[in-house]
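Residue strings, one per chain:
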Amino acid sequence: MCSATRAAHPLYLSWRSRRPGAALLVPALSSHPALRCEPPASCLQPRVTVMASSESSAVSELCQNGRQVFMDASQLLLTYADNILRSPNEEKYRSIRIGNTAFSTRLLPVPGAVECLFEMGFEEGETHLVFPKKASVEKLKVVRDRIASERDKRLNRSNLTAASATESAQPAPSPNLTLQANSQHVLVYELPELQQKAREHIPVSELNARAQEKLKQARSLEVDTTVNEDDFLTLELLRWFKEQFFVWVDSLPCSKCGGQTQTKESLTPSADDLRWGAQRVENHYCSKCQYANRFPRYNDPGKLLETRRGRCGEWANCFTLCCRALGLEARYVWDSTDHVWTEVFSSSQNRWLHCDPCENTLDKPLLYEVGWGKKLSYIIAFSKEEVVDVTWRYSCKHEEVIARRKDVRESWLRETIAGLNKTRQQSLPEQRKKELLGRLIVEIVEFMSPKTPKPDQEFCFCTH
Ligand SMILES: [Zn+2]
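As recorded in an unreviewed UniProt entry, the protein chain goes by Peptide-N(4)-(N-acetyl-beta-glucosaminyl)asparagine amidase and comes from Engystomops pustulosus. Taken from UniProt, the Catalytic activity (unreviewed entry) comment for the protein chain reads in full: "Hydrolysis of an N(4)-(acetyl-beta-D-glucosaminyl)asparagine residue in which the glucosamine residue may be further glycosylated, to yield a (substituted) N-acetyl-beta-D-glucosaminylamine and a peptide containing an aspartate residue." The Sequence similarities (unreviewed entry) comment attached to the protein chain in UniProt states, word for word, "Belongs to the transglutaminase-like superfamily. PNGase family."

The following block contains the structure:
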């Protein structure tokens with residue numbers, strides 16, 4: 001990447017804004033009571049002690065995050081550091097790709113995390129953070145040990161308080177982290193090399209030909225139809241993705257004996273799993289041959305083009321990349337009741353269309369509430385250009401939804417989203433900002449008038 005291209009890349013821009021010393025995207029966030037994962041005393045104490053020594057400001061900044069955020073980021077930092085300490089001559093461990101999903105979703109949004117890497121001795125290169133040959137491994141170890149000791153403190157503390165050491169499901173991440181992580185993650189879909197990789201898997205000319213054929217038919221039925229080729233391309237992509245490309249996984253067949261497996265306690269992710277953003281590795285255990293089949297839940301859409309399987313998370317992640325690779329404007333949509341899908345902007349209809357690859361479904365936004373009976377509360381859409389609270393598109397029971405929205409204050413959510421958008425849009429041309437504003441107004445009008453369920457939205461074909 002030449003430096004001019006790089007400077008204009010959204011990922012790079014957001015990266016620049018998080019350089020050491022740069023303020024938090026939305027400074028008010030960290031003080032919100034809803035985001036305090038720990039009692040104030042416990043998180044203040046380490047901060048005060050460490051602040052006394054001026055050379056570890058990065059670790060102390062990292063310590064100010066909530067417990068779960070700290071534990072997650074520090075785990076990844078230790079992996080990076082330990083890899084170098086174990087194999088100091090291994091080139092691949094000395095550089096971290098900035099576009100890497102684990103890095104961009106688990107470290108980049110976390111105050112202090114990237115700063116820890118700089119303190120360890122990493123330097124910023126064109127596309128990677130590099131630990132140069134001349135850098136001191138001793139210094140790296142000092143920073144590494146500080147992080148490890150902060151981790152141990154927190155682990156000991158939780159052992160004392162939590163009597164049962166059950167390996168339960170992970171607690172839900174804080175709303176702040178979810179917003180930050182998703183809005184960072186969607187930038188991955190804009191990487192030219194990932195889009196190229198996606199086009200190598202998609203039968204592009206076949207899908208285009210089919211879309212053109214369908215458009216011809218539509219026009220022969222209705223001369224002045226406003227539907228365009230992209231609308232049909234979206235339908236073709238959905239069909240191909242569900243019917244020919246991606247596979248749904250509940251439990252994997254045993255790779256040794258082909259028998260049925262059951263999901264047991266999680267396994268520890270390897271360095272390679274973490275490289276592809278798999279923080280969780282499921283154990284699909286075969287009781288017939290006692291083999292533990294590993295199922296890493298990859299978060300890197302490029303990796304998913306190869307594995308081609310998963311649940312809605314993997315489906316929506318990989319599908320949104322495929323949309324972007326075909327030049328469709330797409331958003332990644334996150335629903336707090338544990339589902340994700342895509343939205344595609346239809347230029348012929350001047351509105352965002354609900355688009356669920358798991359269901360091969362286009363424009364049936366009431367599918368979840370009316371079809372599946374979900375009790376919705378927060379549904380947020382993320383693209384390279386904006387974050388939008390789209391909950392209202394998916395519900396015809398707005399009052400019930402409002403009554404359920406108790407996780408965060410509405411004003412906090414509004415301000416946080418506005419803050420993210422301000423940062424994201426500051427480098428956009430005026431013309432584009434106007435365009436987005438125009439769309440947002442259309443969207444708000446849509447949101448303000450709840451839909452009436454139609455019979456076809458009550459059907460449920462899902463494998464969910
Ligand atoms: Zn088996």
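This next bit is on empty space enclosed by the protein. Under the counting rule described, the total for this entry stands at 2 cavities of 30 Å³ or more. Approximately 80 Å³ is the volume found for the largest cavity. Lining the largest cavity are Glu 190, Arg 324, Glu 329, Ala 330, Trp 352, Ser 383, Lys 384, Glu 385, Glu 386, Arg 432, Leu 436 and Arg 439. It is helix 18 (residues 430-448) that contributes the most residues to the lining of the largest cavity, 3 residues altogether. Looking at the lining of the largest cavity residue by residue, the class counts come to 3 nonpolar, 1 polar and 8 charged. Looking at the second largest cavity, its volume works out to about 40 Å³. Along the walls of the second largest cavity sit Phe 345, Asn 350, Arg 351, Trp 352, Arg 393, Arg 439, Val 442, Glu 443 and Glu 446, which together make up its complete lining. When contributions to the lining of the second largest cavity are tallied by element, the ones reaching two or more residues are strand 11 (351-356) and helix 18. Top contributing element to the lining of the second largest cavity by residue count: helix 18, with 4 residues. Residues belonging to the lining of the second largest cavity are distributed by class as follows: 3 nonpolar, 1 polar and 5 charged.

Another point: the sheet that holds strand 5 (residues 261-267). Within a beta sheet, neighbouring strands are joined by backbone hydrogen bonds and run either parallel or antiparallel to one another. Reading across from one edge, 5-6-7 is the order of the 3 strands in this open sheet, with antiparallel pairing throughout. Looking at the sheet topology across the chains shown, the edges are occupied by strand 5 and strand 7 (292-296). On average, each strand axis in the sheet is tilted by 35 degrees relative to the strand beside it, whichever way the strands run. Sheet analysis places strand 5 next to strand 6 (residues 281-286), joined by 5 bridges and oriented antiparallel. Residue pairing across strands places Leu 267 opposite Val 281, the latter belonging to strand 6.

Within the secondary structure layout, Ser 346 lies in strand 10 (residues 339-346). A relative accessible area of 2% means that Ser 346 is categorised as buried. When residues no more than four places from it in sequence are discounted, the contact partners of Ser 346 are Asp 231, Arg 351 and Leu 353.

As enumerated under the stated definition, the model contains 15 aromatic pairs in all. Consider the rings of Trp 240 and Phe 241, whose centres lie 6.2 Å apart with planes at 70 degrees: the pair is edge-to-face. Owing to a relative accessible area of 4%, Trp 240 belongs among the buried residues under this scheme. Note on Phe 241: relative accessible area 0%, which makes it buried. The interplanar angle of 75 degrees and the centroid separation of 5.3 Å between the aromatic rings of Phe 246 and Trp 315 together place this pair among those described as edge-to-face. Separated by 69 residues along the polypeptide, Phe 246 in the loop between helix 12 (229-245) and strand 4 (247-248) and Trp 315 in helix 15 (residues 312-325) bring together distant segments of the chain. Its relative accessible area of 4% is what places Phe 246 among the buried residues. Given a relative accessible area of 3%, Trp 315 falls into the buried group. Its guanidinium or amino end placed over the ring of Tyr 298, Lys 303 lies 5.3 Å from that ring's centre, counting from NZ or CZ.

Conventions adopted
- Residues numbered from 1 in each chain as written.
- Predicted model: local features only at pLDDT ≥ 70, side-chain atom pairs only at ≥ 80, totals over all residues.
- Heavy atoms only, no water.
- UniProt positions renumbered as here; feature names shortened; annotations may be inferred.
- 1 Å grid on protein atoms, 1.4 Å probe; cavity = no way out; pocket = protein on both sides within 12 Å on 5 of 7 lines; lining within 4 Å.
- Points joined across faces, edges and corners; volume = space filled by probe spheres on them.
- Helix = DSSP H or I, 4+ residues; strand = E, 2+ residues; numbered from the N terminus.
- Nonpolar A, V, L, I, M, F, W, Y, C, P; charged D, E, K, R; others polar.
- Pairing = 2+ DSSP bridges.
- Axes fitted to C-alpha atoms, helices over the stretch in contact; angles between N-to-C directions.
- Buried < 20%, exposed > 50% of the residue type's maximum accessible area, 1.4 Å probe, protein only.
- Contact = heavy atoms within 4.5 Å.
- Phe/Tyr/Trp six-rings, centres within 6.5 Å; stacked < 30°, edge-to-face > 60°.
- Lys NZ or Arg CZ within 6 Å of the ring centre and 35° of its normal.

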